[in-house]
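Next come the chains, spelled out residue by residue.
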Amino acid sequence: MMLDAAFFDRLSRLRLAMGYRTSMNLTGNRKSMQKGSSMEFSDFREYMPGDDIRRIDWNAYGRLDRLYVKEYMEEKEAVVSVLVDTSASMDYGAKKKSELACMLAAAFSYMGLNNMDRVRLYDMSRMQSPFVAGGGKRAIPRLADWLMQLSFEGTVDIEKAIGALPLKGPGVTVLISDFLQETFLDKEQESLEKLLRFLDYSKQKTVFLHVLAGEELSVELTGTRNLIDMENQSSLRLTLDNGSIRVYERALQEFLERMRRECVKVGAFYEICSTETDIYQLIFQNLRMLYDI
């Protein structure tokens, strides 16, 4: 990932807008609907990597043989969930979609950590093993290592991945994908609509970052070609001429417009992120509506 210190320095001035007033108070960075003194006990929850070990309840560990931490009203954090599509189709392009996806994931995770939110970064094909961190920027090196180890192969079920999210309060959920999944491409199905309604019901500020390669947005191939599906290896022999390219472009625009339209219906944010667009322009211009400072 070609992101330098100057890039992250500019990111440190930004904060993700929650969309909902969080009921999970944190260390003064966001407003909460809850009231209470700074040391007012709230609840127990299971220990997660990155938690302060001083908050572990050792009495509970002795009884239950599991680690739990005490939560206080002021210490509950807002959660930023970032999901990366690691299907094989994301590894396409002269400038690979997978590389842009990782840069976007790094940027949004950094913004969350920098503002003391809890960040959960997911590989959509392995939802059971997220990168989880909180407490500031010290987790950035581990985050970068986690992203570097991602493997883009096989298929991903986006609906199943969203269903596995532990959504327990208002937060931000960022999906980074090319959304080239049959259930989304088929306009007769309602998978996209149901997914967006579920996230809205779960009080998530939903962000769809639609990553596409420059070659997908502007077809320049001509002649007879064997097109191979990167995920299931099926092939299609096709002659690319002006007529067939116009059919493709029309279908693509209909798909993108439907994605945008359905996001608008529930107040979700949608942006096409081309691999041909400079990362500075994407983050600091195209996506500027996502920030509240």
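Reading guide: rules and limits
Residues numbered from 1 in each chain as written. Predicted model: local features only at pLDDT ≥ 70, side-chain atom pairs only at ≥ 80, totals over all residues. Heavy atoms only, no water. Helix = DSSP H or I, 4+ residues; strand = E, 2+ residues; numbered from the N terminus. Phe/Tyr/Trp six-rings, centres within 6.5 Å; stacked < 30°, edge-to-face > 60°. Buried < 20%, exposed > 50% of the residue type's maximum accessible area, 1.4 Å probe, protein only. Lys NZ or Arg CZ within 6 Å of the ring centre and 35° of its normal. Core = buried A, V, L, I, M, F, W, Y, C linked by side-chain atoms within 4.5 Å. Contact = heavy atoms within 4.5 Å. Pairing = 2+ DSSP bridges. Axes fitted to C-alpha atoms, helices over the stretch in contact; angles between N-to-C directions. pLDDT = per-residue confidence, 0-100. Salt bridge = Lys/Arg side-chain N within 4 Å of Asp/Glu carboxyl O.

Visitor: Explain unusual backbone geometry residue by residue, including any values.
Guide: Even without glycine at this site, Asp65 takes up a positive phi of about 60 degrees. Structurally, Asp65 is set in the loop between α2 (58-64) and β2 (68-72). Of note in the backbone geometry, Phe179 takes a positive phi value of approximately 55 degrees without being a glycine. The residue Phe179 is located in the loop between β6 (171-177) and α6 (182-185) in this model.

Visitor: So what's going on with the packing of aromatic side chains? Which residues, and what values?
Guide: Per the counting criterion, the structure on display carries 8 aromatic pairs. For the pair Phe7 and Phe8, a centre-to-centre distance of 5.7 Å together with 85 degrees between the ring planes defines the contact as edge-to-face. Residue classification places Phe7 among the buried positions, given a relative accessible area of 0%. Exposure remark for Phe8: the relative accessible area of 18% places this residue in the buried category. Look at Phe8 and Tyr110: their rings are 4.9 Å apart centre to centre, the planes differ by 50 degrees, and that puts the pair in the tilted class. In this pair, Phe8 is assigned in helix α1 (residues 5-11) and Tyr110 in helix α3 (residues 97-114), connecting sequence segments 102 residues apart. Put simply, the rings of Phe7, Phe8, Tyr110, Tyr280 and Phe284 pair up and form one aromatic cluster. Lying across the ring of Phe284, Arg10 places its NZ or CZ 3.9 Å from the centre.

Visitor: Describe the nonpolar core, with residues and values.
Guide: As a rule of thumb, soluble globular proteins bury nonpolar side chains together. One finds Leu11, Leu104, Phe108 and Ile283 to be the most contacted residues of the largest nonpolar core, which totals 50 residues. In terms of residues, this core owes the most to one element, α3, which gives 12 residues. Beyond its immediate sequence surroundings of up to four residues, Leu11 is in contact with Ala107, Tyr110, Met111, Ile283 and Phe284. Of all hydrophobic cores here, the second largest spans 25 residues; its members include Tyr122, Leu192, Leu199 and Phe208.

Visitor: Got a sec to walk through the sheet that holds strand β7 (residues 204-212)? Specific residues and values, please.
Guide: Read across the open sheet, the 6 strands follow the order β5-β4-β3-β6-β7-β10; overall the sheet is mixed. Across the chains shown, the open sheet's two edge strands, defined by having one partner strand only, are β5 (131-133) and β10 (269-274). Between one strand axis and the next, the sheet turns by 15 degrees as a mean value, whatever way the strands run.

Visitor: Tell me about the confidence of the model for the protein chain, residues and numbers included.
Guide: Per-residue pLDDT for the protein chain averages 84, and the proportion of residues at 70 or more is 81%. Within the model, the stretch residues 31-38 combines pLDDT values under 50 with 17 contacts to residues more than four positions away or in other chains.

Visitor: Any chance you could break down the pattern of salt bridges for me, citing the residues and the numbers?
Guide: Taken as a whole, this structure holds 8 salt bridges when the rule is applied. Between Arg13 and Asp9 there is a salt bridge, with the nearest N and O atoms lying 3.2 Å from each other. Accessibility expressed as a relative area gives 54% for Arg13, which makes it exposed. Under the relative-accessibility criterion, Asp9 is labelled partly exposed at 42%. The closest approach of N and O atoms between Lys95 and Glu276, which form a salt bridge, is 3.6 Å. In this pair, Lys95 sits in the loop between β3 (79-84) and α3 while Glu276 sits in the loop between β10 and α10 (279-286), placing the two residues 181 residues apart along the sequence. Because the salt bridges share partners, they merge into one network encompassing Lys97, Asp178 and Glu216.

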